[in-house]
Each structure stands twice: as structure tokens, then as C-alpha cells.
Amino acid sequence: MQYKDTSDLEISLLLEAIYRKYGYDFREYSQAHIRRRILNRMALSGFEDIAQMQSMVLNNVPFASELLQDLSITVTEMFRDPAFYRSLREKVIPILKTYPFIKIWHAGCATGEEAYSMAILLQEEGLYDRTTIYATDFNQLALNRAKEGIFSNKLIKEYTSNYQLSGGKESFSSYYTSHYDNVIMNQSLKKNIVWANHNLVTDSVFAEVNLILCRNVLIYFDQNLQNKVQSLFYNSLINGGILSLGSKESIRFTDYFEHYSELDLKQRIFKKKY
Amino acid sequence: MQYEAIVIGVSSGGMNAMKIIFSAMPAHFSIPMIIVQHLGAHSDGQWITLLNDKSQLEIKEADEKEKIEKGTIYIAPPNYHLLIEKDKTFSLTIDERVNYSRPSIDVLFESAAEAYRNKLIGIVLTGANNDGTKGIKRIQECGGLTIIQDPKTAESAYMPKAAISAIEPNFIGSLDEIAEFLIKIEQQKR
């Protein structure tokens, strides 16, 4: 008799249960990643097996929300990969400057650090007043934190260094005020950011934009889902629009490879062909 | 017994250790090797080029979704965890650090153990933390072959010691002895 590995089967049943009950779809995520997150939660919460956890997910909404947080990765930084932001400044900003109005979609913004980084960069380049940044994520808790714009001052040293390496023109401390153990980002940075709940897996096109940033999100998706999301991006970009991915992400293995030219291959910045 | 992959975890002292093992491998050595070496987040991969000059096998950074091929040595990219899927492709994640490390040896080893079960060889080399201990244990539980560098011969003994305190490995030896042992195992399978 041929049979499937039990824990594989239990994980796929659990993901099916989460999708059918709550509408969050992790069924096409990278399996090794999902397995690791689920087994970690199982050990932390003291379940004997995944089936036991499935019953809890179905019958206990607070537990389900907790598991959802486990499956949503919110690790991010301001000016993460400074060389990328330098390239944005040098190669993308001149293109954006040619448009009277600019729309930017930051897909999978988590707690917002990179959306604030973008606002700072645009302010320095004199473009922020004619820009709208749509910063979206499916994780509402993360979005709420992003909206607040309050970050731990433990991280500021690293962010400052990132900012300087990225070609920042001001003193980084002019963009926030310190408050006990935290820093609060300037109100002026928030004014053109629209924070919205959007799920790349289940939601559709909502705007036509000049630039999409989606960095270190697609690595969590399998090939099929990557293709679906690439189709969403392709249909959201204007002709000549820019797509920026994470430093280890590629469009080479997706159906859309032919539809973009490379603006900066190393920094994974692509331009949609006319 | 046909081994299909070798995973190696190495931390401080790793550059020398890898140089010794990789340069000892003959060009026909076919079992792919997958390495987590702890490095700074902004390391530029220049050292991979340097190692390549010393090795007869191709050494490259592991890419997201890349298929694992015979006769190749893959290195986890800095600042990403490297995982192996059951279809023998790579996944990368930026999840929280594990044992203060990203990439983490435990993360690679645990996913490799699930993907390759008893067709995996796991190796813990020199290092100054205890990353890899949980992972090598998992490899043993899944029936894989375990190798640990003799702490007496390690530039930094802490990591191999921690691994030895968790399991009784199939082989303990110096870097040269480990290289020799791997070559012997690979020949047996032909």
C-alpha cells in the first residue's frame, strides 16, 4: 500500500481548515517554511500532534489569530539593503520625476519600516507631495503598528547606518522624535501613505501604479502562487512601471520574465516593457 | 545505502575548515553539499569566488527555488535562512534569527532531515555557539548519518562539543579525516 507521510497530510488539512474557516490561504506557501512555523507553534503551545491543533484552530478564534501571526513574517528594517535604496535614488527616481502624479504600491509592508523609508527618500528628492504610497499587508496587527509609526530606539543605530549607506542627504534623527525607549516618526512622513489590508493570495488589482515594491514576500510562495502574484503585479503596473523585488527573488522562473527589462539586476529592479 | 545530500554547519573558523574539506574533494564527488556558514549580514560573497579557486567542484550561493544538483556545493546566502523542500529545491526565508543566527544551521538541518530522511549526511564543524545541535539530533532521529569534527582539532571547540553532548555521532574526526571518510562513503555507493 502506498501512503503519504502523516504529518504532511495533517499540515495540508490544517491549512485547508484555516482557509475554509477564516479565508486566509497558506496552501501554496513554501512547505518547508510552513511546516517549521506550525511545528514551532505546536511545541510552544504543548500540543501532541497537528490534528489536536486543528481542532483548536477551528474552535478557538484567539488561538487561530495567534497561529496567523506565526505564519505571517514581519521581519523588516528601515532602508533594508542600503544598496537597493541607493539604486532606487539613482535609477528609479529620475523615471518617477517624469510623472505629474506618482502612485507607489508597497505590497507586504508588515510593520511599515520600508514604507517610511520610501517616504523619506521621496521627501528628499522633492517628490513626496505628488505621491501616494499604498502600503498593504494581510496582517492587520502589523498594519496597526505601521500606522502608529513608533519603533524601538534600540534599532535606530542600525537604521541610521542603513540610511547613510543608502545615500541619505539629511541627518536621520530629523525624521523622528525620541520618546522614552521609542522613536516616533514625523507626522509629515505619514500624510501620503494609505495603509490598507490587502491579501496578495486572495485579493485582486486595486490601482494602477508607477512602482511596486514587494521585497522578501515571494520567497514564501511556491512557484504556482508566485506566478499568480506576478500576474497581479503585471496588471497593476502602468507600461514602463517599475517592479522591485527582494535581493534573492527573481522573475526568471515565472511566466512574466519576458515582459520586463532589467533596470538593475543585482538589486532586482525591473521595468515593465511598453 | 545511497546518500543523496550532505549538509554542513560551520561557524567561527569556518573559512579554513571549508577550504580544507572542499579542496580535498575529487572532481567526480557527486553528492551535493549544502553549507550554512555564519557570516555578517552584509557579506558580499567574494569569499565564495576565493573558495571556488581551491575546489574542483562548483561552489555557488543557493538560490530560491533552485533544484539541488549532483556535484555542486551550495552556500546559504547571508541574512537568509536556507531550507530544503521535499522536492529537493531550496527555499529562503527572513524569519527571526535562530540561535542568534540567520542563516541558522538548525533550520537547514531540520528541513533537510525531513526532505532526505535516511539518505542524508549531517556534519557539524568548528564554531563558537550551539547552533546545529538540535538539527544534528533531528538528522539522527530521521535515520541520517552524523559526523562531528573532533573538538580537539577544531579552531573553536564549542559547537562540535555541544553537538557531541546531544548525540553519539557515527563518525568523529579531524577535517582531513572527515574528507577522507566522505570520499570513502561516496565510493561505496558506486
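Calculation criteria
- Residues numbered from 1 in each chain as written.
- Chains lettered and ligands numbered in written order.
- Predicted model: local features only at pLDDT ≥ 70, side-chain atom pairs only at ≥ 80, totals over all residues.
- Heavy atoms only, no water.
- UniProt positions renumbered as here; feature names shortened; annotations may be inferred.
- Salt bridge = Lys/Arg side-chain N within 4 Å of Asp/Glu carboxyl O.
- Helix = DSSP H or I, 4+ residues; strand = E, 2+ residues; numbered from the N terminus.
- Buried < 20%, exposed > 50% of the residue type's maximum accessible area, 1.4 Å probe, protein only.
- Lys, Arg positive; Asp, Glu negative; His and termini not counted.
- Polar contact = N/O pair within 3.5 Å; in protein donor to acceptor, adjacent residues only side chain to side chain.
- Contact = heavy atoms within 4.5 Å.

Chain B has the name protein-glutamate methylesterase in an unreviewed UniProt entry, where Flavobacterium omnivorum is given as its organism. Regarding chain B, the UniProt comment filed under Catalytic activity (unreviewed entry) reads as follows: "[protein]-L-glutamate 5-O-methyl ester + H2O = L-glutamyl-[protein] + methanol + H(+)".

The name an unreviewed UniProt entry gives chain A is Chemotaxis protein methyltransferase CheR, with Flavobacterium omnivorum as the organism.

Peer 1: It is not clear to me how the pattern of salt bridges should be interpreted in this structure. Could you clarify?
Peer 2: A pair can form between side chains of opposite charge whenever their charged atoms are brought close. For the structure shown, the criterion picks out 30 salt bridges over all chains. Of the charged contacts, one joins B:E96 and A:R37 as a salt bridge, the two residues approaching to 3.0 Å between their closest N and O atoms. Taken together, the positions of B:E96 in the loop between strand 6 (90-93) and helix 3 (105-116) and A:R37 in helix 2 (residues 31-45) put the pair across two chains. Assessed through its relative accessible area of 38%, B:E96 is described here as partly exposed. A residue is classified by how much of its surface remains accessible, and A:R37, at 9% relative accessible area, is buried. Ionic pairing is found between B:E4 and B:K88, a salt bridge with its closest N-O pair at 3.6 Å. Residue B:E4 is found in the segment before strand 1 (5-10), and its partner B:K88 is found in the loop between strand 5 (81-84) and strand 6; the two are separated by 84 residues along the sequence. Salt bridges sharing common partners tie together A:D8, A:R35, B:K86, B:E114, B:R117, B:R138 and B:E141.

Peer 1: How should I be thinking about the side chain of A:E113 in this particular structure?
Peer 2: All names here are of chain A. One can find E113 in helix 6 (residues 113-124). One buried charged side chain, E113, makes no salt bridge at all; its nearest oppositely charged neighbour is R145, positioned 5.4 Å away. In terms of polar contacts, E113 uses its side chain to reach the side chain of T111, at 2.7 Å. For E113, the residues in contact, after removing those within four places along its chain, are T76, E77, M78, F151 and Y159.

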